[in-house]
Structure formats: structure tokens, C-alpha cells
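Reading the structure
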Amino acid sequence: MGGTLFSDATAALKDSKYVIFGAPLDITGTHRRGTKKGPESIRHESYTFEPFVPDLDIDLEEVDIYDMGDLPMKNPRKEISEAVREIIGAEKVPIMMGGEHSVSPYAVEAFSDVSVLVFDAHLDYREELHGDPNNHACATMRMRHVLKGKPILPVGIRSICKSEFIQAKHDGLNYITADKVRELGTKRLIDLIEDLLPGKLYISVDIDGIDPSFAPGVGTPEPYGIDPIVVRDVIRHFAGRAVGFDMVEVCPPADNGNTAALAARLIKDFIAAREKELMK
Ligand SMILES: [Mn+2]
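Just so it is clear, the model here is predicted, and its values are computed rather than measured. Here, residues in each chain are numbered from 1, in the same order as that chain's written sequence. Given that the model is predicted, a residue must reach a pLDDT of at least 70 before its local features are reported, and side-chain atom pairs must reach 80 or more before they are shown or counted; all residues, however, enter totals for whole chains, interfaces and linings.

On to the pairing of strand β1 (residues 18–23). For every residue, the other C-beta atoms within 10 Å of its own C-beta are counted; 20 or more classify it as buried, 12 or fewer as exposed, and values in between as partly exposed. C-beta atoms are placed from the backbone. Numbering of helices and strands runs from the N terminus; a helix is a DSSP stretch of H or I covering at least four residues, while a strand is a stretch of E covering at least two. Across the six residues of β1, six count as buried, placing the element largely inside the fold. Burial along β1 is two-sided: the residues Tyr18, Ile20 and Gly22 and Val19, Phe21 and Ala23 are all buried. At least two bridges found by DSSP between two strands is the condition for calling them paired. Two strands pair when backbone bridges link them, and β1 and strand β4 (residues 65–70) are joined in this way by four bridges, in the parallel orientation. Residue Tyr18 lies in a different strand from β4, and its bridge partner there is Ile65. As paired strands, β1 and strand β5 (residues 93–98) are joined by six bridges and run parallel to one another. Following the sheet pairing, Phe21 is matched in β5 by Met96.

Dropping the structure here:
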């Protein structure tokens with residue numbers, strides 16, 4: 001089966017608990033371009049998986065999921081923040097598929113009270129790049145600005161320019177490098193995230209946080225990355241506290257489909273794990 005909607009997104013909007021949408025923004029990519037095809041490719045690959053997630057004993061066919069399609073990206077900030085405000089106002093969980101990472105701050109600014117967990121290879125902690133504060137290389141900085149003091153924690157980091165390094169130290173920004181993730185192991189990594197991020201969570205997954213051997217279809221690949229199983233297990237652990245989720249930077253022209261498949265699978269795992277947590 002193929003289709004234009006995410007698999008298992010068969011609910012009507014009014015009955016839905018999860019609202020998936022695409023934000024195919026692709027204007028500031030600095031290396032390989034093509035993330036505008038991300039949502040389409042993730043939806044396509046989502047049909048390769050069984051709806052049943054056996055290790056969680058959750059059947060996604062029984063979960064109310066709605067896919068509202070792609071936003072037009074004529075005014076990305078307005079479209080995304082308004083869509084997310086509407087979704088969370090109706091007490092549903094938004095799941096956004098990028099597009100470049102610049103879309104994440106527009107979603108985060110719709111929330112009034114979240115901490116943000118980011119997976120990324122790149123610290124994205126510039127005030128601007130090429131004169132543009134909304135460049136995808138500025139995503140963490142932008143999110144920090146809209147969070148009004150709530151913490152943001154990038155995990156999987158291994159690319160930081162010198163000015164970002166100095167700025168992060170000056171601001172007291174916590175981040176966890178890919179090497180630190182390996183040193184800690186999953187359980188201690190989860191404990192550390194628990195300590196650093198209180199309350200409700202927004203989870204932003206830049207798929208390039210995962211090693212390019214698992215996720216080669218990205219705009220800016222960065223070797224020495226983290227394992228998708230670690231990302232899955234952290235997402236599963238924190239899903240019950242998550243009120244929003246995004247999956248960004250899948251770049252289909254650089255992909256054989258496996259990166260988009262991994263992205264789709266992580267979205268499904270997020271939903272299944274959140275359902276499981278809410279049953280407890
Ligand atoms: Mn990145």
C-alpha cells in the first residue's frame with residue numbers, strides 16, 4: 001500500500017489524538033539541498049512497517065492519528081506556529097515533518113511551557129548565518145530565544161564552530177556530545193536528561209544526529225554520530241512527557257529511502273511509546 005498520508009493516519013481530525021503535518025521548508029540549506037521532499041518520502045516509507053509494535057504491545061491502527069498534509073510554506077513561521085497553536089489548543093499532539101531544522105523554533109514558540117530535547121549533530125548555536133537568523137544552522141539559538149528561560153538540551157553533538165563553543169560556554173548551555181552519549185550508555189544518558197529537562201517536553205529530532213552510516217540521506221552529514229537504537233530508547237522513555245514532536249532534515253535526493261524509513265519508524269515509535277506510557 002502506498003499513499004499520500006502517513007500510514008495508520010485514518011482518524012478524522014476531530015477524533016484525533018496526534019496530528020501529523022509536513023513543513024517542507026528548504027531555503028537555507030548550506031550543503032546538499034532537497035529537504036522539501038522530506039515529508040513526502042517519510043510518508044511513503046511509513047507504509048513499509050506493520051502497524052503493530054510488538055515490544056510495546058501497541059497497535060497503531062487503534063490509535064487516532066490524523067495527517068493534515070503539508071503547510072504551503074509561503075509564510076512558514078506564521079503557518080507553523082498557528083497550526084501548532086490550533087493543534088495543542090484542541091489538546092492534541094503535533095508531529096511535524098521537515099523540511100530543514102529552521103521549522104522547529106516556529107513550532108516551539110507556540111508552546112508556553114515546555115523544555116526542549118534536541119537530537120542533532122550540529123549545535124546550531126549561531127545568532128545568524130549568511131545574515132539570516134532563521135538559517136537552519138541557528139535552530140538551537142532560535143529555540144532558546146523563544147523558550148523564555150526554559151531549558152533546551154541538544155544531544156549527539158559533534159559539530160560546533162568556535163564562536164558557538166564560546167557562546168554556549170558563556171550562556172551556560174548544556175549539551176551532550178555524541179562521544180559522551182557512547183561513554184554514558186543509554187541508562188545513564190536518560191538519567192542525565194531527566195536531571196536537566198523538567199516538566200513537559202518538546203522533542204526535536206534532526207535526523208543527522210544519528211550516524212550517517214544509518215542515516216546518510218541528510219543535508220549535512222557528520223560522521224561519528226549516535227546509534228538509532230539509543231535515539232529510539234530515549235524517545236520511548238520520554239514520550240509520556242512529550243507534548244510535541246518533530247522530525248527534520250531528511251533529504252531524499254541524498255537518500256536510498258532508508259533515512260526516511262528510519263524517520264518514519266521513529267515517529268511510529270514515539271506515538272506507540274506515548275500511548276504505552278499513558279496507559280500506566
Ligand atoms: Mn543538524
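What follows continues from the structure just given.
With that settled, the discussion passes to the sheet that holds β1. In spatial order, the strands read β4-β1-β5-β10-β9-β6-β7-β8; together these eight strands make up an open sheet with parallel pairing. The sheet terminates laterally at β4 and β8 (176–177), the two strands that pair on one side only. Of the pairings in the sheet, the one linking strand β9 (residues 201–206) to strand β10 (residues 242–248) comprises six bridges and is parallel in character. Within β10, the position partnered with Ile203 by the bridge is Phe245. Strands β1, β5 and β10 of the sheet are contacted by helix α2 (residues 76–89), whose axis makes an angle of about 175° with β1. Contacts here follow a simple rule: the backbone-placed C-beta atoms of the two residues must lie within 7 Å. Geometry is summarised by axes, namely lines fitted to C-alpha atoms with helices restricted to the contacting stretch, and by angles between N-to-C directions that run from 0 to 180 degrees.

Next up on the list: helix α8 (residues 258–279). In an α-helix, one turn spans 3.6 residues, which is why side chains three or four residues apart end up on the same side. Its 22 residues place the ends of α8 31 Å apart at the C-alpha level, agreeing with the 32 Å of an ideal helix rising 1.5 Å per residue. Within α8, 16 of the 22 residues are buried, which leaves it mostly tucked inside the rest of the structure. To estimate how far a helix should reach, multiply one less than its number of residues by 1.5 Å.

What follows concerns the environment of Asn135. With respect to the secondary-structure elements, Asn135 resides in the loop between β6 (115–119) and α4 (139–146). The spacing of Asn135 and Glu100 is 35 residues in sequence and 9.0 Å in space, taken between C-alpha atoms. Aside from chain neighbours lying at most four places away, what touches Asn135 is Thr28, Ser102, Glu128, Leu129 and His130.

Next up on the list: the packing of helix α1 (residues 38–45) against α8. Interaxial distance between α1 and α8 falls to 8 Å at its minimum, and their mutual angle equals 75°. Compared by their axis directions, α1 and α8 come out roughly perpendicular. Where α1 approaches α8, its residues Ser41, Ile42, His44 and Glu45 are matched on the opposing element by Ala260, Ala261, Ala263 and Ala264. Three categories are distinguished: nonpolar for Ala, Val, Leu, Ile, Met, Phe, Trp, Tyr, Cys and Pro, charged for Asp, Glu, Lys and Arg, and polar for the others, with Gly belonging to the last. Class assignment of the residues belonging to the contact of α1 with α8 gives a composition of five nonpolar, two polar and one charged. The labels follow the angle: roughly parallel below 35 degrees, roughly antiparallel above 145, roughly perpendicular from 65 to 115, and oblique for the rest.

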